[in-house]
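A look at the structure
The lines below spell out each chain.
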Amino acid sequence: MKILVTGGAGYIGSHVVKALGEKGYKVLVVDNLSKGHKEAVLYGKLVVADLEDKNTLDVIFKEFRPDAVMHFAAFIEVAQSLREPLKYYKNNTVNTINLLEVMLKNGVNKFIFSSTAAVYGNPEKVPIPEIEPIKPINPYGQSKAFVEKVLQDFDKSYGLKYVSLRYFNAAGADPEGRIGESHDPETHLIPLILKTAKGEKESIKIFGTDYPTPDGTCIRDYIHVDDLAEAHILALEYLLNGGSSEVFNCGYGHGFSVREVIDTARKVTGIDFKVEETERRPGDPAILVADSSKLRKVLDWKPKFDDLEYIIRTAWNWERRRERGQE
Ligand code: UDP
């Protein structure tokens, strides 16, 4: 089976490409390398191309003739999406529609979409079930919510079969330390904490201590990137076996506050780094925790790394490897 993976040189995409390669799938990564790293592609071939360019995409589809498409390429920073919404609607929404258009034109109708818990905004029910209303509170979440709506309509009218995976907070790294999280600029909590532990940053800032949570800091459901990758493999197999379109939350079903993540990172690293309490970051909901019972039941997802200490240890291992220049 041949799988075309956009954004396969990025953080989550590269872990899914690894999982696909290990399972014997033939992989073609399409990535413009604006954020990704070519050395993160452990299996298959990489074509450097932009999803804006439909003509090139069409040529790629005609040559590779994929059985399914997994689409990771996107911008992912909530705060940036508030400053530059156009960037998000173009790259995340318009370019996804370009990709879908080229897919359908080439007779490819199986699609795995990287959606996000940000589509829920500030949910009323926690843990959040998939039936919770879609009410994003920032352009990032809205850019993905638009695509989910397009997917529904394309299923009805064109027979597109898709699985939309709503990611909670992907974290951790390949346990063997070959690939990991490497954004520039880095904005995510765990890598920033570890950079602080390494002395690359003076302190880690806690964005808001007045949230309606037990310790006042935001709560997130941190899911190990390899468990998330496994959810993609299951979703792909489900579609290849004729499954109908579905939406699944991807998280463990319990969360940790920013302070709890910091405490765990202190324990894992053994380093007492500096912490500063600052203002809230715009666009952040207080609590995002998945109800992932649907993923467990329908796709028989059995996570292996539901352990914050282990997650941070794999991320720490990756950070230190990079420090020694073995990236
Ligand atoms: N956060 C923080 N300090 C940082 C980075 C993030 O306090 O330097 C908080 C952020 O406000 C959010 C949580 O950590 O509540 C996770 O943020 P991240 O950017 O990692 O992921 P997001 O939830 O935005 O996808």
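Here is what the cut-offs are and how they apply
- Residues numbered from 1 in each chain as written.
- Predicted model: local features only at pLDDT ≥ 70, side-chain atom pairs only at ≥ 80, totals over all residues.
- Heavy atoms only, no water.
- 1 Å grid on protein atoms, 1.4 Å probe; cavity = no way out; pocket = protein on both sides within 12 Å on 5 of 7 lines; lining within 4 Å.
- Points joined across faces, edges and corners; volume = space filled by probe spheres on them.
- Helix = DSSP H or I, 4+ residues; strand = E, 2+ residues; numbered from the N terminus.
- Nonpolar A, V, L, I, M, F, W, Y, C, P; charged D, E, K, R; others polar.
- Axes fitted to C-alpha atoms, helices over the stretch in contact; angles between N-to-C directions.
- Parallel < 35°, antiparallel > 145°, perpendicular 65-115°, else oblique.
- Left-handed = near helix turned anticlockwise from the far one by under 90°.
- Contact = heavy atoms within 4.5 Å.
- Near = heavy atom within 4 Å.
- Polar contact = N/O pair within 3.5 Å; in protein donor to acceptor, adjacent residues only side chain to side chain.
- Areas by Shrake-Rupley, 256 points an atom, 1.4 Å probe, with all protein chains shown as cover.
- Core = buried A, V, L, I, M, F, W, Y, C linked by side-chain atoms within 4.5 Å.
- Buried < 20%, exposed > 50% of the residue type's maximum accessible area, 1.4 Å probe, protein only.
- UniProt positions renumbered as here; feature names shortened; annotations may be inferred.
- Pairing = 2+ DSSP bridges.

As a further point, take the layout of surface pockets. One number sums up the size of the second largest pocket: a volume of about 270 Å³. Taken together, the elements giving at least two residues each to the lining of the second largest pocket come down to α1 (11-22) and α7 (225-240). By residue class, the composition of the lining of the second largest pocket is six nonpolar, one polar and 11 charged.

Two elements in contact, helix α6 (residues 189-197) and helix α8 (residues 258-269), have axes whose closest approach is 10 Å; the angle formed by their N-to-C orientations is 45°. Between α6 and α8, the interaxial angle falls into the category oblique. Between α6 and α8 lies a crossing whose hand is right-handed. Contacts from Leu-189, Ile-190, Ile-193, Leu-194 and Ala-197 of α6 reach α8 at Val-258, Val-261, Ile-262, Ala-265 and Thr-269. When the residues that make up the contact of α6 with α8 are grouped by side-chain class, the tally is nine nonpolar, one polar and no charged.

This part covers the site of the ligand. In the vicinity of the ligand, 15 residues are found, and the nearest of them are Leu-189, Lys-205, Arg-220, Arg-281 and Asp-284. Note that an oxygen atom of the ligand is positioned 2.6 Å from one of the side-chain N or O atoms of Asp-284. Protein burial of the ligand: of its 520 Å² of free accessible surface, 90% is covered by the chains. Looking at the shell around the ligand, the elements that each hand over two or more residues are α6 and β8 (203-207). Top contributing element to the shell around the ligand by residue count: β8, with four residues. Split into classes, the residues belonging to the shell around the ligand amount to eight nonpolar, three polar and four charged.

What follows is about the nonpolar core. Val-5, Ile-12, Leu-20 and Met-70 are the most contacted members of the largest nonpolar core, which totals 63 residues. Sequence-distant contacts of Val-5, defined by excluding residues within four places in its chain, comprise Val-17, Leu-20, Val-27, Leu-28, Val-29, Val-30, Met-70 and Phe-72. Core analysis: the second largest hydrophobic core is formed by 23 residues, Ile-60, Met-103, Val-108 and Phe-113 among them.

Let us now look at the side chain of Glu-181. Following the sequence through the fold, Glu-181 ends up in the loop between β7 (169-171) and α6. Polar side-chain contacts of Glu-181 include one of 3.4 Å to the side chain of His-183. Setting aside residues up to four positions removed in sequence, Glu-181 forms contacts with Tyr-11, Ala-170, Glu-186, His-188, Pro-191, Trp-318 and Arg-322.

The next subject is the UniProt feature "domain: NAD-dependent epimerase/dehydratase" (unreviewed entry) in the protein. Following the UniProt record, the feature "domain: NAD-dependent epimerase/dehydratase" (unreviewed entry) maps to residues 3-251 here. Summarising residues 3-251: 38% helix, 20% strand, and an end-to-end C-alpha distance of 24 Å.

Time to look at the sheet that holds strand β6 (residues 161-167). Within the open sheet, the seven strands sit side by side as β3-β2-β1-β4-β5-β6-β11. Their pairing is parallel. The open sheet terminates on both sides in strands that have one partner only, identified here as β3 (45-48) and β11 (246-250). The sheet shows a mean angle of 20° between the axes of neighbouring strands, direction not considered. Judged from the five bridges that link them, strand β1 (residues 2-6) and strand β2 (residues 26-31) form a sheet pairing that is parallel.

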